[in-house]
Each structure stands twice: as C-alpha cells, then as structure tokens.
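# Overview (structure and organization)
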Amino acid sequence: MVTGASSGIGTALARRLAGQGYDLLLVARRADRLAALATELRETYRVGVDVRPVDLADRTARDALATELAGRDIAVLCANAGFSSCGHLRDHDPAQLAREVEVNVVAVHQLATAVLPGMLARDRGGILVTGSTAGEQPVPMAATYGATKAFLNSFSQALHEELRGTGVRCTLLAPGPVRTELYDVAGVPGIRKHRWLRWLTPDQVAAAGLAGLAANRREVVPGVVAKAQAWSGRHLPRWLLFPAMRRSVLPLLVPGGRRPEPRDGVLS
Ligand SMILES: NC(=O)C1=CN([C@@H]2O[C@H](COP(=O)(O)OP(=O)(O)OC[C@H]3O[C@@H](n4cnc5c(N)ncnc54)[C@H](OP(=O)(O)O)[C@@H]3O)[C@@H](O)[C@H]2O)C=CC1
Ligand SMILES: CC(=O)[C@H](N)C(=O)O
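Residues numbered from 1 in each chain as written. Chains lettered and ligands numbered in written order. Predicted model: local features only at pLDDT ≥ 70, side-chain atom pairs only at ≥ 80, totals over all residues. Heavy atoms only, no water.

- Looking at an unreviewed UniProt entry, one finds the protein named NADP-dependent 3-hydroxy acid dehydrogenase YdfG, with Micromonospora sagamiensis as its source organism.
- According to its UniProt record, the protein has this under Sequence similarities (unreviewed entry): "Belongs to the short-chain dehydrogenases/reductases (SDR) family." (UniProt positions renumbered as here; feature names shortened; annotations may be inferred.)

### Some points on the layout of surface pockets
- Put simply, the second largest pocket is a space of about 380 Å³.
- Along the wall of the second largest pocket there are 18 residues; nearest its centre are Tyr22, Ala75, Val76, Gly125 and Gly126.
- At the level of secondary structure, the elements contributing two or more residues to the lining of the second largest pocket comprise helix H1 (8-19), strand S5 (125-130) and helix H7 (202-214).
- For the lining of the second largest pocket, the class distribution of residues is 9 nonpolar, 4 polar and 5 charged. (1 Å grid on protein atoms, 1.4 Å probe; cavity = no way out; pocket = protein on both sides within 12 Å on 5 of 7 lines; lining within 4 Å. Points joined across faces, edges and corners; volume = space filled by probe spheres on them. Helix = DSSP H or I, 4+ residues; strand = E, 2+ residues; numbered from the N terminus. Nonpolar A, V, L, I, M, F, W, Y, C, P; charged D, E, K, R; others polar.)

### Side note on the packing of H1 against helix H2 (residues 31-45)
- The contact between H1 and H2 brings their axes to 10 Å, and the two run at 25 degrees. Between H1 and H2, the interaxial angle falls into the category roughly parallel. The handedness of the crossing between H1 and H2 is right-handed. Here H1 contributes Thr11, Ala14, Arg15, Ala18 and Gly19 to the contact with H2, which in turn contributes Leu37, Glu40, Leu41 and Tyr45. (Axes fitted to C-alpha atoms, helices over the stretch in contact; angles between N-to-C directions. Parallel < 35°, antiparallel > 145°, perpendicular 65-115°, else oblique. Left-handed = near helix turned anticlockwise from the far one by under 90°. Contact = heavy atoms within 4.5 Å.)

### A short note on the site of ligand 2
- Close to ligand 2 lie Ser132, Thr133, Ala134, Tyr145, Pro175, Gly176, Pro177, Leu182, Tyr183 and Gln229, which account for all nearby residues.
- Tyr145 has a polar side-chain atom sitting 2.8 Å from an oxygen atom of ligand 2.
- For ligand 2, an oxygen atom lies 3.0 Å from a polar atom in the side chain of Tyr183.
- Within the complex, the protein chains bury 87% of what would otherwise be the 250 Å² of accessible surface of ligand 2. (Near = heavy atom within 4 Å. Polar contact = N/O pair within 3.5 Å; in protein donor to acceptor, adjacent residues only side chain to side chain. Areas by Shrake-Rupley, 256 points an atom, 1.4 Å probe, with all protein chains shown as cover.)

### A short note on the site of ligand 1
- Residues in contact with ligand 1 amount to 31 residues; listed here are only the nearest, Ser7, Arg29, Tyr145, Thr180 and Tyr183.
- Asp55 has a polar side-chain atom sitting 2.8 Å from a nitrogen atom of ligand 1.
- Within the backbone of Leu56, an N or O atom sits 2.8 Å from a nitrogen atom of ligand 1.
- In the complex, 97% of the free accessible area of ligand 1, which totals 860 Å², lies under the protein chains.
- Counting only elements with at least two residues in the shell around ligand 1, the list comes to H1, helix H5 (143-162) and helix H6 (182-185).
- Per-class residue counts for the shell around ligand 1 are 15 nonpolar, 11 polar and 5 charged.

The following block contains the structure:
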C-alpha cells in the first residue's frame, strides 16, 4: 500500500513495488491520477492494483480506510502522503494548517497502527515512513511542516527499535530536496531553480527507501545535501543554525519569492 501515490515519491514507490511483483493499493485524493497509474502498473507489471481516492485529512474517510487495512494482509505500508505550508504561520488559514497535521501526522500514525497487529500476527511486514530532513530541526517559514516531520522521524525510528527481534520492520525515509510537486502545492515553485540544492529525483529517493526497508535500516537519508541537512539539524546549536538558514534556505520558502526582512520578527 502506498499513500500519496498520485505524484512524486509515492508514484515512484508504487512503480518500484509493482516492479518487484507486489499487488498494490494506491491512496491519494486525485482519482484520475490513481486510475491512470493503476492502468500503467497493471499493463507493465501484470500486478493487481486497487485504488482508494481518500482525503487523508478527512477523519471519517480515514477511519474507513484504517478499518479496511486492519482486515487485509498488507505486506508493505508506504506512509508517504504529505504536504507543506510555506511562509509565515500568521499568513495561513488555521484550518489548512490543521489539515497538514492530520495528513502528515495523524494519518500516518493511524494507518501504521492499523496494519501493525496483522503484520505482527504474520510475523512479516514492512512500514516505510516518509519523514524529512525538515524534521531534524525547527523550520521557520515551514513551522508546521517541520514539526509534523519531527513527529514522523521520531515515531518511525522508535518503532524500528521496538520491532527488533520480530519479522516486522519500520524504516524512516528522510529525504532532502526532491524534485516534486510539493513545492508547487506549497506556493514556492521557484525553489527548484536553485541547483545548489542538488535535487534528487523521486525515483532515486524511492529506490533508496525501499532498499533501506529491505535491509531493515533504521533510517535512510538519500543524497549529499540531505545528509548535510540532517547532520546540521541534529548537531549545530540553534544560535548557529538559524542564522545559516536565514542566509540560505529560508528566503526560498516564502511564497511569492519575497525575501523575509529582519523586521518580519520571527526571522530577526
Ligand atoms: N519533495 C521533497 O523535497 C520532499 C518531500 N518529502 C515528503 O515526501 C512525501 C511525498 O511528497 P512529494 O512526492 O515530494 O510531493 P507531491 O506533492 O508530489 O506528492 C504528495 C502526495 O501526497 C498526497 N496528498 C497530499 N494531501 C493529501 C490528502 N489530504 N489526502 C491524501 N493524499 C494527500 C498527494 O495526492 P493528492 O494531491 O492527489 O491527494 C500526492 O500524491 C511527503 O510526505 C513529503 O513531505 C520529504 C522530504 C523532501
Ligand atoms: C526542502 C527539504 O529539503 C526538506 N527536506 C523538505 O521536506 O521539503
């Protein structure tokens, strides 16, 4: 099962799993994209593909999905769907920020806890959680996003350790910059012009994540930039890290490309 299969890393995960012969259950909101991907995967790899067009921010729809999953033999859960709000927190609709928490955090937690008992009963299974290097430090201009990813990075690594000695595994996939629609959704498409971020493709990230899950690794941080982000997020004191972020990535996280000024308060 792959959430966020209609785009980016999720589509790449689905293609790679289909290539390994897995039947698939694809989840996202855009039914047309899921249907097109399902057709492609059935024709290319001769696997069975079901689609569930579900808004993971919708508790009722999510409950129904979780109930279905709890009753099915799910071999691999890729809890990947997510999105980011970028810019000042004060400029965002609180309801949309709450949806970000629902999709990025609550849905991942709910789906993982739904599949886990069945996996443990079969003593077999894998959960790949797409967190982020953004979870390794607070991220001004993406405050909600960074906090949701901090939850995922923590949760998935803790679960990895809890599952030691069982046939079930959990791996954190913590990418850095990946060339996907995430930045269009966040209103900062121009960030992709910045080549120094050494953008990875969704397929490179999906391949690394699935290889890490197969090897039962605690975490996978694909690429040089992501490794540098993760290291600095974990080890640099905030008084050094925040000024460095102000000079590098934070101005790129402002919708409309406006450079944040010191008078903006949170950045001064
Ligand atoms: N791109 C990057 O640089 C990085 C991305 N990540 C993470 O990777 C994951 C995948 O993102 P990425 O591929 O980059 O971005 P995309 O925007 O390309 O894909 C996001 C996916 O999440 C799905 N999604 C979003 N909101 C919902 C919702 N309410 N209900 C169901 N599905 C939803 C989208 O489907 P639909 O719109 O059809 O519902 C889409 O399939 C995310 O968790 C992201 O945080 C982590 C680090 C870096
Ligand atoms: C910009 C980034 O690298 C970050 N990992 C993200 O999650 O978007």
